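The residues making up each chain are set out below.
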Amino acid sequence: MTTAFSDGADFWNKRFDTPDYIFGKAPNEYLEAQAKHHLKQGDSVLCVADGEGRNSVWLAKQGMRVDAFDLSEIALSKAIALATEEAVQVQFSLASCESWDWQPNHYDAVVAIFIQFANPVMRTRLFAQMASTLKPGGLLIVQGYTPKQLVFKTGGPSILEHLYTDDMIRDLISDLEIIDLCVYEKYLSEGPKHTGMSALLGLVARKPLQ
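**Some thoughts on the side chain of Asn 28**
Relative to the assigned elements, Asn 28 resides in the loop between helix 1 (9–16) and helix 2 (29–38). In terms of polar contacts, Asn 28 uses its side chain to reach the backbone amide nitrogen of Tyr 30, at 3.2 Å. If we ignore the near neighbours within four places in the chain, the residues touching Asn 28 are Arg 54, Asn 55, Ile 113, Phe 114, Gln 143 and Glu 190.

**Quick notes on the sheet that holds strand 5 (residues 134–145)**
Here seven strands make up an open sheet; going across it, the order is 3-2-1-4-5-7-6 and the pairing mixed. The outermost strands of the open sheet, each flanked by one partner alone, are strand 3 (91–94) and strand 6 (177–189). This sheet shows a mean twist of 15 degrees between the axes of neighbouring strands, independent of strand direction. Bridging between strand 4 (residues 107–113) and strand 5 involves six bridges; their strand directions are parallel. Its bridge partner being in strand 5, Ile 113 is matched across the sheet by Gln 143.

**Some thoughts on the pattern of salt bridges**
Counted by the stated rule, this structure contains 12 salt bridges. For Lys 40, the salt bridge goes to Asp 43, with nearest N and O atoms at 2.9 Å. Looking at Asp 43, the relative accessible area reads 6%, which means it is buried. Linking Arg 206 and Glu 177 is a salt bridge whose minimum nitrogen-to-oxygen distance equals 3.9 Å. Within this pair, whereas Arg 206 is found in strand 7 (residues 195–206), its partner Glu 177 is found in strand 6, the two being separated by 29 residues in sequence. Note on Arg 206: relative accessible area 28%, which makes it partly exposed.

**Some remarks on the layout of surface pockets**
In this model, the largest pocket occupies a volume close to 650 Å³. Trp 12, Ala 49, Phe 114, Ile 115 and Phe 117 are, among the 39 residues lining the largest pocket, the residues nearest its centre. Looking at the lining of the largest pocket, the elements that each hand over two or more residues are helix 1, helix 3 (54–61), strand 2 (65–70) and strand 4. In terms of residue count, the dominant contributor to the lining of the largest pocket is helix 1 (four residues).

**Here's the deal with unusual backbone geometry**
Unusually for a residue other than glycine, Ala 87 sits at a positive phi of about 60 degrees. Position of Ala 87 among the secondary structure elements: in the loop between helix 4 (73–85) and strand 3. Take Ala 87: its relative accessible area is 69%, and that puts it in the exposed class. Positioned with a positive phi, Phe 114 is a non-glycine residue whose angle comes to about 55 degrees. Mapped onto the elements, Phe 114 comes out in the loop between strand 4 and helix 5 (120–133). With a relative accessible area of 16%, Phe 114 lands in the buried category.

**Observations regarding the environment of Thr 146**
In this fold, Thr 146 is placed in the loop between strand 5 and helix 6 (149–152). With 42 residues separating them along the chain, Thr 146 and Pro 104 place their C-alpha atoms 29 Å apart. When residues no more than four places from it in sequence are discounted, the contact partners of Thr 146 are Leu 163, Tyr 164, Val 183, Ala 199, Leu 200 and Leu 201.

**Let's talk about the nonpolar core**
Leu 31, Leu 39, Leu 59, Val 66, Phe 92 and Val 111 are the most contacted members of the largest nonpolar core, which has 33 residues in total. Membership of the second largest hydrophobic core comes to 30 residues, among which are Trp 100, Trp 102, Met 130 and Leu 172.

**Description of the packing of helix 2 against helix 3**
Orientation of helix 2 relative to helix 3, taken along the N-to-C sense of each, is 25 degrees, at an axis distance of 11 Å. Relative to helix 3, helix 2 is oriented roughly parallel. Helix 2 and helix 3 meet at a crossing whose hand is right-handed. Residues Leu 31, Glu 32, Ala 35 and Lys 36 of helix 2 lie in contact with helix 3, whose contacting residues are Asn 55, Trp 58 and Leu 59. Residues that form the contact of helix 2 with helix 3 fall into these classes: four nonpolar, one polar and two charged.

Procedures and definitions
Residues numbered from 1 in each chain as written. Predicted model: local features only at pLDDT ≥ 70, side-chain atom pairs only at ≥ 80, totals over all residues. Heavy atoms only, no water. Helix = DSSP H or I, 4+ residues; strand = E, 2+ residues; numbered from the N terminus. Polar contact = N/O pair within 3.5 Å; in protein donor to acceptor, adjacent residues only side chain to side chain. Contact = heavy atoms within 4.5 Å. Pairing = 2+ DSSP bridges. Axes fitted to C-alpha atoms, helices over the stretch in contact; angles between N-to-C directions. Salt bridge = Lys/Arg side-chain N within 4 Å of Asp/Glu carboxyl O. Buried < 20%, exposed > 50% of the residue type's maximum accessible area, 1.4 Å probe, protein only. 1 Å grid on protein atoms, 1.4 Å probe; cavity = no way out; pocket = protein on both sides within 12 Å on 5 of 7 lines; lining within 4 Å. Points joined across faces, edges and corners; volume = space filled by probe spheres on them. Core = buried A, V, L, I, M, F, W, Y, C linked by side-chain atoms within 4.5 Å. Parallel < 35°, antiparallel > 145°, perpendicular 65-115°, else oblique. Left-handed = near helix turned anticlockwise from the far one by under 90°. Nonpolar A, V, L, I, M, F, W, Y, C, P; charged D, E, K, R; others polar.

Have a look at this one:
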């Protein structure tokens, strides 16, 4: 198990230090809808900064081979407990985005749900790493908040530069083929930290075969 992580571990350990699953136990709605269309049993999937495991565990229940990492020891313990509760296997690692071993051309899909702790510099590097670790033909699935979320205040960061716009995402994944890119508003109910009307962006993009 990887043990190196950034200074953000303290913040996230405090946030996750509650018996409740702060983002719920059910998968992200956008991920669930897109995975049912684009992923299949046996696919290898990486869940980035997976938190308490709601997304990785659900993917494993669909028959996928799932790796997941997070820098919070408390979140990881809750993720392992959720996988045990659901009787599935997920390969969990304690790691940050900086310490994770981004093996090139390795996964059929990379899932990045609300990873908006990343500032602009880190975000550029992280999206490049996620694209690199995809196999040719592999899919990147992303969900995040847009700037209008600062009005709704129902979850996510309060820093404008951490939020996604259509143009920003297009720049970040310029080497990938866009399958779906949507900006929309919807009521979310994903645990106590993500509940209420929300300003969202969803992305599915494919790495070229060559």
